Amino acid sequence: MKLNEKIFSSVKIKLFVTLSLTILLIILFLIIVNNFALENFYLYSKEQTLKSVYEMINNYYKDPNPSDEIETELEELSIKNNFDILVKDSRGINIYTTNKNFSTVIGNINDLLEKFNINLEREIEKNDKFIIRKQRDVKSGLSYIMLSGTLDNGYLLYMRIPINSIQDSVKISNNFLLLMASFTILIASIMVTIVSKKFTEPILELNNIAKKMSNLDFSHKYKTTDAKDEIDNLGNSINIMSDKLERTIKQLRNTNIELEKDIEEKSKLDEMRTTFISDVSHELKTPIALIQGYSEGLLENVNTDEESRRFYAEVILDETNKMDKLVKQLLELMKLEYGKREFNNKEFNIVELEKEVIRKSKVMLDEQKIKVEFNKEQDIIVIADDFYIEQVITNYLTNAIKHAKEVNGEKIIKISNEINNEKNKVDIKIFNTGEKIKEEDINRIWNRFYKVDESRNREDGGTGIGLAFVKAIMSNYKNKYGVRNLEDGVEFYFELDLK
C-alpha cells in the first residue's frame, strides 16, 4: 500500500498519467467525431457536389444545339468526382452514360430498383428539378447517393456516387488514430522523463533541504540557476527562511545556555550559602561556647586576681581570632569550590617559592626537630597563581610537620620536584616519615573538617580545611593531586604546568 502511494505521489508519474489520459481523451474524441460527424459531413459534401454538377450539366444542355464536347465534359466530371452519369432525352432514349449497368438500372427506375434488390434508405433532398436519395444495393452491399432530376430542356439526368469509401475511411482513420495514440504516448513518456527531470530535480533538492531544516541542519542551501523561474524564487525563499531560522535558533540556544548558567549559578549560590551556614554553625559551636563561658566568668568575678582575668580575656580574644580566621577561610574555600575566584596566573620559580615556605615554617620544624631534605639547586619556572600555590605547599608542609614521626631515630620531610617533559608538567612531592594513612581515609581527608585522628585537640591550630583548599585549587587548574603511602611514611603530591 505504501509503495503504491509512493509511486503515484511521484511528480513524474502524475505528469505521465495526466499527459497520457489527455492524449487518450483527444483520440477518443476524434474517433467519436469520425464515427458520427465525418460521414454526415461527407454526405453533405457529396450532396453539394451533386447539386453543383447538376447545374453544370443543365447549363451544358440549355443550348438547342449542344456541342460535341459535352460528352468529353461529362466524362471528365465523372472521373473527377467518381460519378456514374446517365442522360436521357424526353422519350427515355439514352443520350450519354458512363456506365452501362447504371443505364440498365435506370431503364425502368421503379421496377428495376426492386428487381435489382436496391433499397431506398431515405430521401435526402427534393425539389421541382431533382430528388436526392441515399440507397443501398442489398445484393452487392454497396451504398450510393443518387440524384434523379429533369433538365430545363426536358432531358432526364441520373447521377450516383458510391459512399462505401467514406465508411472504410472512417475505419482506417480510427485505426490510424489508435496507432498514433500509441506512438504519441511512447514519445510523451520520453518527453515527460526529460522535461519532468528538469522540474523534479530542483523540487527533490528543495524537499531534501526542507527535511534537513526540520532536523535543525541549515548547512545545505539551494543553488539558484539563471532561469529565475518560480522554482528559483521558491529556493531563494527557502534559503532566506533557513538563514533566519538558523539565526533565531542560535539566539534561542545562546539564551538557553545563558539561562541554564543563571539557573546553575543560582543553584550553586544557594548550595554554597547552605553549606557555608552549615559549616560555620558546626565549627563555631565550640569557640562560641568557650567565649560565652569565659565571658560569664569575667562578669561574675569568678577569679578576682588580675592574672586570671587577663587569662580569661586572652582566651576570649584567641577564640575570636580563630572564628574570624575560620570564617574567612570558609568564604575563600567556597569561592574556590564554586568557581568564583579568578586566578592571577604568571610565571614564577617554584623552587624559590618552596624555599620561602620552608623559611616561614622554620620555627615549627625546629620545635619538632624535623630534618628537611630539599634539592634547591635547579630553577623550575611554572605558570600559576603564586599566592594560591603557596597555600597548597604550606598546607602540605604544615600537614607533614604535624604528622611526622621518628623512623630510625629521625623525623624527615623530603621536598622534591620531578619534571615530566612529555606532559610539560612538574610533579611536586612532599614526604614525611610516620604512620601510613588508612585506605578508607585516603579519599576522605580531602573533605572539609575531616580529621583522621579525632582525638587531636584544638591546640594544634588547624581548621580542618587545609586539604580541602588544595583540592579546590587543583580542581580549578584541572591538575592532578593526591596522597600515597610509601614504605616508611606518606607522600602528598600535585602537578603544575611548566612554562
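Preceding block: the structure.
By convention here, each chain's residues receive numbers from 1 onward along its written sequence. Where local features are concerned, this predicted model is filtered to residues with pLDDT of at least 70; where side-chain atom pairs are given and counted, the filter is 80 or more; whole-chain, interface and lining totals use all residues. Only heavy atoms go into the side-chain values, all of them from the structure, while hydrogens and water stay out.

Asker: Which residues make up the packing of aromatic side chains, and what values do they have?
Answerer: In this description, an aromatic ring pair is defined by two values, namely the gap between the centres and the angle between the planes. Centre distance within 6.5 Å is the pairing criterion for rings of Phe, Tyr and Trp, where only the six-membered ring of Trp is used; planes under 30 degrees apart are then read as stacked, over 60 as edge-to-face, and the remainder as tilted. Summed over all chains, the structure comprises 9 aromatic pairs. Here Trp-446 and Tyr-481 contribute two aromatic rings whose centre-to-centre distance is 5.0 Å and whose plane-to-plane angle is 80 degrees, an arrangement assigned as edge-to-face. Linking Trp-446 in the loop between β11 (425-433) and α13 (466-477) with Tyr-481 in strand β12 (residues 481-486), this pair joins segments that are 35 residues apart in sequence. With a 1.4 Å probe rolled over the protein chains alone, any residue whose accessible area is under 20% of its type maximum counts as buried; one over 50% counts as exposed, and the rest are partly exposed. With relative accessibility at 8%, the residue Trp-446 sits in the buried group. What makes Tyr-481 partly exposed here is its relative accessible area of 23%. Clustering of aromatic rings is evident, with ring pairs tying together Tyr-396, Trp-446, Tyr-481, Phe-492 and Phe-494. Both a distance and an angle decide whether a charge sits over a ring: NZ of Lys or CZ of Arg must be within 6 Å of the ring centre and within 35 degrees of the ring normal. Positioned over the ring face of Tyr-144 is Arg-160, at 4.3 Å from the centre of the ring. Taking the ring centre of Tyr-493 as reference, the NZ or CZ of Arg-484 above it sits at 4.0 Å. Secondary structure elements follow DSSP: runs of H or I no shorter than four residues count as helices, runs of E no shorter than two count as strands, and numbering proceeds from the N terminus.

Asker: I'd like a description of the side chain of Ser-78, backed by residues and values.
Answerer: Structurally, the position occupied by Ser-78 is in helix α3 (residues 70-81). Exposure remark for Ser-78: the relative accessible area of 10% places this residue in the buried category. Those residues in contact with Ser-78, other than ones at most four positions away along the chain, are Phe-83, Ile-85 and Thr-98. The criterion used for residue contact is that any of the two residues' heavy atoms lie within 4.5 Å.

Asker: Talk me through the pattern of salt bridges; I want residue IDs and the actual numbers.
Answerer: A carboxyl oxygen of Asp or Glu within 4 Å of a side-chain nitrogen of Lys or Arg is what we treat as a salt bridge. Under the defined criterion, the tally for this structure stands at 17 salt bridges. Among the salt bridges present, the one from Glu-125 reaches Lys-51, with a minimum N-O distance of 3.3 Å. Taken as a pair, Glu-125 in strand β3 (residues 118-126) and Lys-51 in helix α2 (residues 11-60) lie far apart in primary sequence, 74 residues in all. When its relative accessible area of 23% is taken as the criterion, Glu-125 is described as partly exposed. When its relative accessible area of 22% is taken as the criterion, Lys-51 is described as partly exposed. In this structure, Glu-246 and Lys-250 form a salt bridge, with 3.7 Å as the shortest nitrogen-oxygen distance. Remark: Lys-250 and Glu-246 occur in helix α7 (residues 230-283); sequence separation between them is 4 residues, near one turn of the helix. For Glu-246, a relative accessible area of 24% translates into the label partly exposed. By relative accessible area, which is 45% here, Lys-250 ends up partly exposed.

Asker: Any details on the nonpolar core? Residues and values, ideally.
Answerer: Only buried residues count toward a nonpolar core. Its members are Ala, Val, Leu, Ile, Met, Phe, Trp, Tyr and Cys residues joined through side-chain atoms within 4.5 Å. Of all hydrophobic cores here, the largest spans 49 residues; its most connected members are Ile-350, Ile-389 and Leu-496. The contact partners of Ile-350, leaving out residues within four places of it in the chain, are Ile-380, Val-382, Ile-389, Ile-393, Ile-428 and Leu-496. Core analysis: the second largest hydrophobic core is formed by 23 residues, Leu-50, Tyr-61, Ile-70 and Leu-157 among them.

Asker: Pulling in residues and values, what's your account of the packing of helix α10 (residues 350-360) against helix α12 (residues 386-403)?
Answerer: Two elements in contact, α10 and α12, have axes separated by 10 Å at closest approach and are oriented at 50 degrees. Taken together, the axes of α10 and α12 are oblique relative to one another. The two elements α10 and α12 meet at a crossing, and its hand is right-handed. Residues Ile-350, Leu-353, Glu-354, Val-357, Ile-358 and Lys-360 of α10 touch α12, and the partners they reach there are Asp-386, Ile-389, Glu-390, Ile-393, Thr-394 and Leu-397. Residues are grouped as follows: nonpolar covers Ala, Val, Leu, Ile, Met, Phe, Trp, Tyr, Cys and Pro; charged covers Asp, Glu, Lys and Arg; every other residue, Gly included, is treated as polar. Among the residues making up the contact of α10 with α12, the classes are represented as 7 nonpolar, 1 polar and 4 charged. Only C-alpha atoms enter the line fits that serve as axes; for helices the fit covers just the stretch in contact. Angles between N-to-C directions range over 0 to 180 degrees. Any angle between 65 and 115 degrees counts as roughly perpendicular, while under 35 counts as roughly parallel, over 145 as roughly antiparallel, and the rest as oblique. Here a crossing is taken to be left-handed if its near helix is turned anticlockwise relative to the far helix by less than a right angle, and right-handed if that turn runs clockwise.

Asker: How would you explain α10 if you had to name every residue and give the values?
Answerer: Every buried residue belonging to α10 is among Ile-350, Val-351, Leu-353, Glu-354, Val-357 and Ile-358, and all of these are buried. Down the axis of α10, the sector holding all buried residues measures 160 degrees, keeping them to one side. In α10, the exposed positions that point more than 90 degrees away from the buried face belong to Arg-359 and Lys-360. For this analysis, a polar contact is any N or O atom pair within 3.5 Å, provided that within protein one partner can donate a hydrogen and the other can accept it, and provided that sequence-adjacent residues contribute only side-chain to side-chain pairs. Where α10 begins, one side-chain oxygen reaches toward the backbone nitrogen of Val-351, 3.0 Å away; that side chain belongs to Asn-349. Each C-beta atom gives one direction from the helix axis, and the arc is the one those directions make.

Asker: Give me a nonpolar patch on the surface: which residues, what numbers.
Answerer: What makes a patch is a set of residues exposed beyond 30% relative accessible area and free of salt bridges, joined within 9 Å when like-charged and within 5 Å when nonpolar (Val, Leu, Ile, Met, Phe, Trp, Tyr). For accessible areas, the Shrake-Rupley method is used with a probe of radius 1.4 Å. Any residue's cover is judged against the shown protein chains and nothing else. A contiguous nonpolar surface patch, about 940 Å² in accessible area, is contributed by Leu-179, Phe-183, Leu-186, Ile-187, Ile-190, Met-191, Ile-194, Val-195, Phe-199 and Ile-203. The class of Ile-194 is exposed, set by a relative accessible area of 56%.

Asker: Mind laying out the side chain of Asp-385, listing which residues take part and the relevant values?
Answerer: Examined against the element boundaries, Asp-385 turns out to sit in the loop between β9 (381-384) and α12. Residues counted as positive are Lys and Arg, residues counted as negative are Asp and Glu, and His and the chain ends are not counted. Buried and unpaired, Asp-385 has Lys-346 as its nearest opposite-charge partner, separated by 6.9 Å. Those residues within four positions of Asp-385 in sequence are excluded, and the remaining contacts are Phe-343, Asn-344, Asn-345, Phe-348 and Tyr-477.

Asker: Any chance you could break down the environment of Ile-401 for me, citing the residues and the numbers?
Answerer: Turning to its location among the elements, Ile-401 is positioned in helix α12. Residue class for Ile-401 comes out buried when judged on its relative accessible area of 3%. Once you skip the residues sitting within four places of it in the chain, Ile-401 turns out to touch Ser-361, Met-364, Leu-365, Gln-368, Ile-370 and Ile-413.

Asker: Run through the pairing of strand β5 (residues 143-150), naming residues and quoting values.
Answerer: Of all 8 residues that make up β5, 7 are buried, and the element is covered over most of its length. Pairing between strands is defined by DSSP: at least two bridges between them are needed. Relative to strand β6 (residues 156-162), β5 is paired through 7 bridges, and the arrangement is antiparallel. The residue bridging Gly-149 from the neighbouring strand is Leu-157, located in β6. In textbook terms, the turn of a hairpin is the stretch between consecutive antiparallel strands, and for β5 and β6 this stretch comprises 5 residues, one of which, Gly-154, has a positive phi near 95 degrees.

Asker: I'd like a rundown of the packing of α12 against α13, residues and numbers included.
Answerer: Orientation of α12 relative to α13, taken along the N-to-C sense of each, is 140 degrees, at an axis distance of 9 Å. Between α12 and α13, the angle falls in the class oblique. The two elements α12 and α13 meet at a crossing, and its hand is left-handed. Across from Tyr-388, Ile-389, Gln-391, Val-392, Asn-395 and Tyr-396 in α12, the residues of α13 making contact are Gly-466, Leu-467, Phe-469, Val-470, Ile-473, Met-474 and Tyr-477. Within the contact of α12 with α13, the residues separate by chemical class into 10 nonpolar, 3 polar and no charged.

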